[in-house]
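What follows is the residue order along each chain.
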Amino acid sequence: MNKVAIVGGGLAGLTAALRLRQNGFEVEIFERYPEPGGLARVFEAGGEPVEAFYHHIFSSDASYVALARELNVEQHIEWLSSRMGIWADNRLWDFGTPASLLRFTPLGIVDKLRFALTTLQLQLSADRTQFEEITASEWLRKHQGERAWKTVWQPLFRQKFAEKSDDISMVWLWGKLRLRGRSRSKSGAGEKLGYMRGSFGVLVEALAERVIQLGGKLRLGEPVRRIDRNDQGFNITHRGKTTEFDQVIVATPIADYLRVASHLFLDDYLIRLGSIEATAALCTVLELDRQLTPYYWLNVADDSIPFGGLIEHTNFVSPERYGGRRILYISNYMMPTNDLFWLPAAKVLDLYLPFLSRFNPDFDPSWIIAQHHFRAETAQPVVTPGYSRRIPRFETPVPGLFLCSMAQVYPWDRGLNYAIEYGERVASKVATSSAN
Ligand SMILES: Cc1cc2nc3c(=O)[nH]c(=O)nc-3n(C[C@H](O)[C@H](O)[C@H](O)COP(=O)(O)OP(=O)(O)OC[C@H]3O[C@@H](n4cnc5c(N)ncnc54)[C@H](O)[C@@H]3O)c2cc1C
């Protein structure tokens, strides 16, 4: 029987394992953390699991919903209204609906009109090629004006891409707006986002269980240290042991792939991989005894504040689920070379705390019941013009070794749905290559 090692127990690795096992392959998943799920892993707050990094799905996420159905957990998905806001000009504003745009005075009437029309144009435009080679900063300045760029977009791009904010391809924003338009109600007034009763961990658990039921092996807390070739296939080094496999899928971010496999490649492939950068995510989660703001998603368009977003999960999902606790994520993306990313958790919180009272003058640190800090060194690929030409294929220069990474997701933004879709696609590549 063909034996496949899968490095990485995130949604992509787990899905690839499921499809291969269903196809008769022997599979072993190696996951460095004690729990599966990768960026979608969960922890407990108020006795209920919740994501280490805030998550929701869109109604366009068909692969996610189809897998949930297959695993009999679709009934956990609930489509909920969400309220978006923006912090600009030293105050909170509703944002994301036509009515809120009208009330948003940091933009003038002409700015608003251009903003609304071009956003609609982007949502309706099916041809992505016109957006691939131009930066969002150039396109938006030209079509919406300098004020819209400086007031709204640049801060949003800084939140995701830090100092790379001016270099991002317009195709990235086009993809976001195009898919997001489909999550809105017909009136455009409200967006329904998906969450799972019991957290996204419900699907991760069901998926991992199904793989195990089918005879797959899940090795948790077992990082792969190195991948080597042997006469027949591959040696995987883990926990000081070496195990042989016929084929290998690395289902991790590119940085982790290079850590275990770079010695197998020639320079041109390494240079291509090295040209793909990613921002890191620093996520501080506070359990509070009361609400900070009325918004689920609050973009912080203010350079004087040391974080880019406040995601108040319990303005989306009822706080009753968490014993009445309010769950607040303080979101900060940055290049992994930024010193802040490596700062001890207590220092990060010290830096953030004085700013929380800007969003609610009553805020007091005594509201904090518990705090958690999560870091992801590779959280968001930096999609620059010409990105599609640099995306590595599932097949690597080494026959039998495959890559499945969030950096391959294109033109849509990476997400749970695409981790599943790409996991399925890499599994079918492995199956096809074995058949040949
Ligand atoms: C802050 C944040 C918010 C997000 N919000 C959303 C959202 O709202 N909706 C959405 O759809 N998506 C969201 N995402 C994206 C989503 O989480 C990812 O796209 C998806 O989980 C990626 O899955 P993956 O399996 O490709 O990678 P990962 O989840 O990164 O899994 C890779 C796994 O490989 C393991 N690994 C790495 N190296 C080794 C090794 N040497 N040996 C063994 N194991 C190894 C890692 O521990 C990890 O578990 C968010 C991401 C972040 C960071």
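Each value, and the rule that gives it
Residues numbered from 1 in each chain as written. Predicted model: local features only at pLDDT ≥ 70, side-chain atom pairs only at ≥ 80, totals over all residues. Heavy atoms only, no water. Near = heavy atom within 4 Å. Polar contact = N/O pair within 3.5 Å; in protein donor to acceptor, adjacent residues only side chain to side chain. Areas by Shrake-Rupley, 256 points an atom, 1.4 Å probe, with all protein chains shown as cover. Helix = DSSP H or I, 4+ residues; strand = E, 2+ residues; numbered from the N terminus. Contact = heavy atoms within 4.5 Å. Buried < 20%, exposed > 50% of the residue type's maximum accessible area, 1.4 Å probe, protein only. Pairing = 2+ DSSP bridges. 1 Å grid on protein atoms, 1.4 Å probe; cavity = no way out; pocket = protein on both sides within 12 Å on 5 of 7 lines; lining within 4 Å. Points joined across faces, edges and corners; volume = space filled by probe spheres on them. Nonpolar A, V, L, I, M, F, W, Y, C, P; charged D, E, K, R; others polar. Axes fitted to C-alpha atoms, helices over the stretch in contact; angles between N-to-C directions. Left-handed = near helix turned anticlockwise from the far one by under 90°.

1. Some thoughts on the site of the ligand
Thinking step 1. For the ligand, the set of nearby residues contains 28 residues, the closest of which are Glu-31, Leu-39, His-55, His-56 and Leu-416.
Thinking step 2. The separation between an oxygen atom of the ligand and a polar main-chain atom of Gly-415 is 3.2 Å.
Thinking step 3. Calculation on the ligand without its partners gives an accessible area of 1,000 Å², and the protein chains cover 94% of this total.
Thinking step 4. Those elements giving two or more residues to the shell around the ligand turn out to be helix 1 (11-22), strand 2 (26-31), helix 9 (254-261) and helix 14 (416-435).

2. Observations regarding the side chain of Ser-331
Thinking step 1. Summarising the element assignment, Ser-331 is placed in strand 17 (residues 326-334).
Thinking step 2. In this structure the side chain of Ser-331 is engaged in a polar contact, spanning 3.0 Å, whose partner is the side chain of Gln-159.
Thinking step 3. Ser-331 has contacts with Tyr-54, Gln-159, Leu-282, Phe-307, Gly-308, Gly-309 and Ile-311, leaving out every residue within four places of it along the chain.

3. Comments concerning the environment of Thr-337
Thinking step 1. Take Thr-337: it is sitting in the loop between strand 17 and helix 11 (339-342).
Thinking step 2. When its relative accessible area of 67% is taken as the criterion, Thr-337 is described as exposed.
Thinking step 3. Spatially, the C-alpha atom of Thr-337 lies 40 Å from that of Ala-99, the residues being 238 residues apart in sequence.

4. Remarks on the pairing of strand 15 (residues 297-300)
Thinking step 1. As paired strands, strand 6 (residues 84-88) and strand 15 are joined by 4 bridges and run parallel to one another. Looking across to strand 15, one finds that Trp-87 is bridged to Val-300.
Thinking step 2. Looking at chain direction, strand 15 and strand 16 (residues 309-312) are connected through 3 bridges and run antiparallel. Along strand 16, the bridge assignment pairs Leu-298 with Leu-310.

5. Details of empty space enclosed by the protein
Thinking step 1. With the rule as written, the count across this model stands at 1 cavity of 30 Å³ or more.
Thinking step 2. Estimates place the volume of the largest cavity at around 30 Å³.
Thinking step 3. Taken together, Trp-172, Gln-380, Pro-381, Val-383, Met-406, Val-409, Trp-412, Asp-413 and Arg-414 make up the lining of the largest cavity.
Thinking step 4. Grouping the amino acids of the lining of the largest cavity by side-chain chemistry returns 6 nonpolar, 1 polar and 2 charged.

6. Some words on the pairing of strand 14 (residues 278-288)
Thinking step 1. The buried fraction of strand 14 amounts to 11 of the 11 residues, a majority that puts the element mostly inside the structure.
Thinking step 2. A two-sided burial pattern is seen for strand 14, the buried positions comprising Ala-278, Ala-280, Leu-282, Thr-284, Leu-286 and Leu-288 on one face and Thr-279, Ala-281, Cys-283, Val-285 and Glu-287 on the other.
Thinking step 3. Bridging between strand 14 and strand 18 (residues 368-381) involves 10 bridges; their strand directions are antiparallel. From the neighbouring strand, Cys-283 faces strand 18, where its bridge partner is Phe-374.

7. Side note on the packing of helix 1 against helix 8 (residues 201-213)
Thinking step 1. Contact pair helix 1 / helix 8: the axes reach a minimum separation of 9 Å and the direction vectors enclose 35°. For the crossing formed where helix 1 meets helix 8, the hand is left-handed. Seen from helix 1, the contacting residues are Leu-11, Leu-14, Thr-15, Ala-17, Leu-18 and Arg-21; seen from helix 8, they are Leu-203, Val-204, Leu-207, Ala-208, Arg-210 and Val-211.
Thinking step 2. For the contact of helix 1 with helix 8, a count of residues per class yields 9 nonpolar, 1 polar and 2 charged.

By themselves, these are just geometric observations and shouldn't be taken as functional.
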